[in-house]
Amino acid sequence: SDATDSGAPHGYADELSAVLIDGATLQAKIAELAAAVAADHHLDTPPLLVCVLKGAVMFVTDFARALPIPAELEFMAVTSYGSATSSSGVVRILKDLDRDITGRRVIIVEDIIDSGLTLSWLLKNLATRGPAAIDVVALLRKPEAVKVDIEVDYVGFDIPNEFVVGYGLDYDERYRDLPFVGLLGEHMYR
Ligand code: XMP
Ligand code: MG
């Protein structure tokens with residue numbers, strides 16, 4: 001669809017080439033993911049949702065509210081060395097979890113799996129801390145991700161191999177505030 005009729009906040013419309021997933025479609029899928037996760041987690045202890053900042057922040061807030069079971073929230077910030085639009089797999093923790101996850105059921109909440117390198121590193125890192133289980137829920141996944149052998153339990157949308165922004169995802173810290181996922185116009189990063 002045309003970015004100009006997307007309801008993009010004023011000032012962004014001419015920077016996006018298309019809306020890839022509109023807000024209503026995102027919310028419907030998040031409700032489905034939440035129902036699927038809840039069906040698999042009938043537990044005594046609430047799972048710990050680990051939001052990977054900053055990209056997953058919109059997703060985790062909507063996901064947690066759609067989840068029909070109690071859950072607790074934790075936040076972790078990591079950075080991957082690399083260019084603005086691709087990651088290297090060399091990851092550094094900017095903000096670690098506030099608590100011990102020993103014996104807890106952890107659900108990593110990710111915005112997007114592209115090469116899968118960031119998630120692969122995170123899974124190994126969290127596994128060393130003795131959780132009871134680690135599941136992964138990712139809103140978006142690109143086809144590249146199949147090249148890394150990682151098990152993603154719940155995926156919202158498989159998307160084309162294009163740079164996307166919005167709904168938490170940024171280009172140089174912009175566009176995170178959009179309520180939909182869009183394609184950045186090529187003139188913005190070429
Ligand atoms: P990898 O390649 O390690 O990438 O799976 C994971 C992180 O890279 C960022 N990323 C994107 N950010 N649009 C964005 O705004 C994209 O199309 C995109 N692809 C990857 C993102 O932070 C993700 O967690
Ligand atoms: Mg980013």
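As the structure is a prediction and not an experimental result, all values here were calculated from the model.

Bringing the overall build of the protein into the picture now. Helices and strands together make up the secondary structure of the protein, namely three helices and nine strands. Going from the N terminus to the C terminus, the protein shows its helices and strands as β-α-β-α-β-β-β-α-β-β-β-β. Taking 16 Å as the expected radius of gyration for a compact globule of 190 residues, we find that the protein reaches 16 Å, a close match to that expectation. With respect to the principal axes defined by its C-alpha atoms, the protein has extents near 50 × 35 × 30 Å. By residue count, 33% of the 190 residues in the protein fall in the buried class. When contacts within the protein are restricted to residue pairs at least 6 apart in sequence, those whose partners lie at least 24 apart make up 65%.

Before going further, it helps to examine the sheet that holds strand 8 (residues 164-165). Strands pair in a sheet through their backbones, by hydrogen bonds, and they do so in one of two ways: parallel or antiparallel. Spatial ordering of the open sheet is given by 1-9-8, a layout of three strands whose pairing is antiparallel. Either end of the sheet is taken by a strand with one partner, and the two such strands are strand 1 (16-21) and strand 8. Alignment of strand 1 against strand 9 (residues 181-184), held across four bridges, turns out to be antiparallel. Residue pairing in the sheet places Ala18 in a bridge with Leu183 of strand 9.

With mixed pairing, the six strands of this open sheet are ordered in space as 4-3-2-5-6-7. The strands lining the two open edges of the sheet, one partner per strand, are strand 4 (91-95) and strand 7 (154-158). This sheet shows a mean twist of 25° between the axes of neighbouring strands, independent of strand direction.

Across the protein, pLDDT averages 90, with 91% of residues at or above 70. Here the predicted complex scores 0.91 on pTM and 0.90 on ipTM.

Our next topic: unusual backbone geometry. Between Leu53 and the following residue, Lys54, the backbone shows a cis peptide bond with an omega angle of -10°. If you trace the backbone, Lys54 turns up in the loop between strand 2 (48-53) and helix 2 (57-66). Its identity as a non-glycine residue notwithstanding, Tyr167 has a phi of 50°, on the positive side. Mapped onto the elements of the fold, Tyr167 is located in the loop between strand 8 and strand 9. For Glu173, which is not glycine, the phi torsion reads 70° and is therefore positive.

Turning to helix 3 (residues 117-127), its buried residues are Leu117, Thr118, Leu119 and Leu122. Those residues of helix 3 that are buried are in contact with strand 2, strand 3 (72-80), strand 4, strand 5 (105-113) and strand 6 (133-141).

Below, the discussion takes up the environment of Thr25. Positionally, Thr25 belongs in helix 1 (residues 23-40). For Thr25, a count of 15 C-beta atoms within 10 Å gives the class partly exposed. A sequence separation of 73 residues divides Thr25 from Asp98, and the C-alpha atoms of the two residues are 33 Å apart.

Turning to the pairing of strand 2, a few remarks are in order. Counting buried positions over the six residues of strand 2 gives five, a clear majority of the element. Pairing analysis gives six bridges linking strand 2 to strand 3, with the strands arranged parallel. Paired with Val50 across the strands is Glu74, a residue of strand 3. For strand 2 and strand 5, the ladder comprises four bridges, and the chain directions are parallel. Across the sheet, the residue bridging to Leu49 is Ile107, located in strand 5.

Definitions and limits used
Residues numbered from 1 in each chain as written. Chains lettered and ligands numbered in written order. Predicted model: local features only at pLDDT ≥ 70, side-chain atom pairs only at ≥ 80, totals over all residues. Helix = DSSP H or I, 4+ residues; strand = E, 2+ residues; numbered from the N terminus. Rg over C-alpha atoms; globule rule 2.2 N^0.38 Å. Buried ≥ 20, exposed ≤ 12 C-beta atoms within 10 Å, placed from the backbone. Contact = placed C-beta atoms within 7 Å. Pairing = 2+ DSSP bridges. Axes fitted to C-alpha atoms, helices over the stretch in contact; angles between N-to-C directions. pLDDT = per-residue confidence, 0-100.

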